[in-house]
Amino acid sequence: QVQLMESGGGLVQAGGSLRLSCAAYGSMFEIDDMGWYRQAPGKQRELVATINGRGTRNYADSIKGRFTISRGNAKNTIYLQMDSLKPEDTAVYYCAAGSSEDDMAAMRVLWGPGTQVTVSA
């Protein structure tokens, strides 16, 4: 069983930057895709960005040009560089791992516990 652990959340002013990290522990044999999702208070969880084993990236329209997802040299680590942050980016950010792009889109994934990102105006 794969376990995921996020780090790097916090409080930042609008226009600032944060970098989230996620490490996966356990067998990665069935994992090809990893990504980030977020859930704001009173809203549904939404996809932010994903990356697959070949390095193909997918971004939500709301964060394109501001956020960058990347993968470490080891397959089990991903990052989310968040620039030009806005108050509407405030949410709990979750790392996730799945077997395919379809699984990521349908949220048939393994979840980390989440990390809070708060952007003040």
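Here the structure is shown first, and the text comes after it.
How each quantity is defined
Residues numbered from 1 in each chain as written. Predicted model: local features only at pLDDT ≥ 70, side-chain atom pairs only at ≥ 80, totals over all residues. Heavy atoms only, no water. Phe/Tyr/Trp six-rings, centres within 6.5 Å; stacked < 30°, edge-to-face > 60°. Helix = DSSP H or I, 4+ residues; strand = E, 2+ residues; numbered from the N terminus. Buried < 20%, exposed > 50% of the residue type's maximum accessible area, 1.4 Å probe, protein only. Disulfide = S-S within 2.5 Å. Pairing = 2+ DSSP bridges. Axes fitted to C-alpha atoms, helices over the stretch in contact; angles between N-to-C directions. Salt bridge = Lys/Arg side-chain N within 4 Å of Asp/Glu carboxyl O.

## Remarks on the packing of aromatic side chains
Scanning all chains against the criterion turns up two aromatic pairs. Ring geometry for Tyr37 and Trp111: centres 5.0 Å apart, planes at 75 degrees, overall edge-to-face. In this pair, Tyr37 sits in strand E4 (residues 33-39) while Trp111 sits in strand E10 (residues 110-111), placing the two residues 74 residues apart along the sequence. According to the relative accessible area criterion, Tyr37 is buried, its value standing at 0%.

## Side note on the state of the cysteines
For the structure on display, the rule yields one disulfide. Cys22 shares a disulfide with Cys95; S-S distance 2.0 Å. Because the torsion about its S-S bond is -80 degrees, the bridge between Cys22 and Cys95 counts as left-handed. One end of the pair, Cys22, is in strand E3 (residues 18-25); the other, Cys95, is in strand E9 (residues 91-98), and 73 residues separate them in sequence.

## What to know about the pairing of E4
Burial runs high along E4: six of the seven residues are buried. Relative to strand E5 (residues 46-51), E4 is paired through five bridges, and the arrangement is antiparallel. Across the sheet, Gly35 pairs through a bridge with Thr50, a residue of E5. As consecutive antiparallel partners, E4 and E5 are separated by six residues, and within that stretch Gly42 has a phi angle of approximately 75 degrees, a positive value.

## Describing the sheet that holds strand E7 (residues 67-71)
Across the sheet, four strands lie side by side as E1-E3-E8-E7; this open sheet has antiparallel pairing. Unpaired on one side and paired on the other, strand E1 (3-7) and E7 mark the two borders of the sheet. Across the sheet, the mean angle from the axis of one strand to that of its neighbour is 15 degrees, orientation sign disregarded. Bridge count between E1 and E3: five bridges; the pairing is antiparallel. Considered in E3, the bridge of Leu4 is made with Ala24.

## What to know about the pattern of salt bridges
All told, the structure shown has six salt bridges when counted by the stated rule. The shortest N-O distance in the salt bridge between Lys64 and Asp61 comes to 3.3 Å. The exposure class of Asp61 is exposed, given its relative accessible area of 66%.

## A few points about the pairing of E9
The buried count for E9 comes to seven of eight residues, which makes it a mostly enclosed element. Relative to strand E11 (residues 115-120), E9 is paired through three bridges, and the arrangement is antiparallel. The residue of E11 that forms the bridge with Val92 is Gln116. Pairing of E9 with E10 involves two bridges; the strand directions are antiparallel. By the bridge assignment for E10, Ala96 is matched with Trp111.

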